[in-house]
Structure formats: structure tokens, C-alpha cells
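# Structure assessment
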Amino acid sequence: MCNLYANMTSQQAMRQLFDVRPEHDLLGNSRPQAALFPDAQAPIVRIDDEGNRTLMHARWGWNKAKFGWVTNIRNLGGWPWKYVIQEQSQRCLVPASSFSEYHPTEKITGKTGKPVKAAAWFRLTGDEPRRPFAFAGFSRRWNWEKDGLRKKSDEDLVESDTPTLAMAFMTTEPNEVVAPIHPKAMPVILRTPEEFEQWLHGSPEEAAELQRPLPDDALEIAFVGEKEDHT
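Residues numbered from 1 in each chain as written. Predicted model: local features only at pLDDT ≥ 70, side-chain atom pairs only at ≥ 80, totals over all residues. Heavy atoms only, no water.

## Details of the overall build of the protein
Stated precisely, the cut-off is as follows: Where helices and strands are cited, they refer to DSSP runs of H or I of at least four residues and of E of at least two residues respectively, numbered from the N terminus. Between the two quantities, the radius of gyration covers C-alpha atoms and the globule rule is 2.2 Å times the number of residues to the power 0.38. Whether a residue is buried, partly exposed or exposed follows from its accessible area with a 1.4 Å probe, protein chains only, as a fraction of its type maximum: under 20%, in between, or over 50%, in that order. Contacts are residue-level and defined by heavy atoms, with any inter-residue pair within 4.5 Å sufficient. To measure how exposed things are, a 1.4 Å probe is used in the Shrake-Rupley method; for residues, cover is taken only from the protein chains shown.
Across its full length, the protein carries six helices and 15 strands. At 17 Å, the protein has a C-alpha radius of gyration in line with the 17 Å of a compact globule built from 231 residues. Seen through its C-alpha atoms, the protein measures out along the principal axes to roughly 45 × 40 × 35 Å. With 231 residues in all, the protein has 48% of them scored as buried. Once local pairs closer than 6 in sequence are excluded, the contacts in the protein between residues at least 24 apart make up 70%. For the protein, the accessible surface area stands at approximately 11,800 Å², while carbon and sulfur atoms represent 48% of it.

Written as C-alpha cells, this is what we have:
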């Protein structure tokens, strides 16, 4: 499953692409992120209580699992996702510029000097080095009392009752570009204003229609190597 992606898109470009007004940008001074791992704080676009598209931060991981975080969503007919997709307020866009799956055979030298799996980075095709897009995501309020600490250093957030959002995004079957690297799944990628609108405001059935692999000619491998994508 995709547990590493990058978002090198500027804040201004995100506002423009996702039709977010400056007054509804709550990111503060957001910097490009060359490597986002589970529990990282990342930008999302969601609809606020007044119907405005809002840029804000969420932490990647819907809930804790036995071996990490639930970061990806596949079975929309199972619990709890069949209920989550029905709630437009819980759908969000997750801005990205590339995503990664570990290569099944290629290795690089790790920090300890030992060989580790290389990352295969995927990008949209086109003239731009990393054309921005969005994952079809879900978000929810993290309940400190019910859900517990995400990590020990969050104790100050609990004491101050600081609101924290959790997010995850959908996956689907891989296309022919991703399948040789990761045959089980790929993220659901949205590229157009029409798709953004369909995901955020469509009926549950219309939103679920977007759970399909990207066309093969729309995606390519950017490079295989380090676990960061600065381009």
C-alpha cells in the first residue's frame, strides 16, 4: 500500500488548483514536503460548516492498527467506510505531486550502510516535472479521549484540547504502470476540477465511481532510488 508520498506544490498553487480563497487557507506558512510518511502532518482540502473549500492540516492515519496506521481505504462496502463515504463532510482532497511504492528488487544504501529497498516514485505524465493532483481522501476529528495519543509527544495537545484531524485516502486496483512494482493497489488519483467537485459534493454513488485506476498513459515512473522526491 502507498505509505509514502510527496507534496512539493506551493501553497499558492494549491489554492489555485483546488479553488480555495486566501481567507480559507488555514495552513499558515506551509512548506513543500519531499517525503510524507504515516502520521505526518499534511495539507488537505475539505468543506467547512459554511460550505467553503478550506486548506488545513491533517495527520495521515485514520486510526492505529496492530502494525502501524490505517492509511489506505479499499473496501467501501465494509465497516466503517460504507458509512464514511455517505458523509460529504468527511470527504477531502489530499494534495500530492508524486507517490511511492517500494521496488521489489532494487536496493539503495541505507543510513546504516546496509542495503535497503529503493523507492519507486510515480508522477503524472506531462511537461511539468511534478504536475500536482489529489488523492481521494477522508478526514475525521481525532478524539484524544477515545482514540488515545497518536504519539507520546502529543500529550501537550491533549492537555490543551487542540483539535486534530486524521486522514486517509482511497486505493484501487493498480494500472499497468504501477502493477509491476506493486501488484495489489494504487491510490485513487483525481486531476480535474470536475473530479474534485464530484468527490467533495457528489452522492455516495457518484463519489464511489471515482475509485478506479488512472489510465496507463497518464502515469509514469519518475525515478527509482531515495525515499524523498524534491523535484
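So that's the structure; there's more coming.
## A few points about the pairing of strand β11 (residues 133-141)
Counted only if it meets this: Two strands qualify as a pair provided DSSP detects at least 2 bridges between them.
Of all the nine residues making up β11, eight are buried; the element is thus mostly covered by neighbouring parts of the structure. Across six bridges, the pairing between strand β8 (residues 91-96) and β11 is antiparallel. Following the sheet pairing, P95 is matched in β11 by A134. Note that β11 and strand β14 (residues 189-190) share two bridges and pair antiparallel. Within the sheet, the bridge partner assigned to F135 lies in β14 and is I189.

## A closer look at the nonpolar core
Quick note on the threshold: Take the buried residues of types Ala, Val, Leu, Ile, Met, Phe, Trp, Tyr and Cys, join any two whose side-chain atoms come within 4.5 Å, and each joined set is a nonpolar core.
Counting 28 residues, the largest nonpolar core has Y5, F99, F135, M167, I189 and L219 as its most contacted members. Of all the secondary-structure elements, those providing two or more residues to this core are β3 (41-47), β4 (53-60), β8, β10 (115-124), β11 and β12 (165-172).

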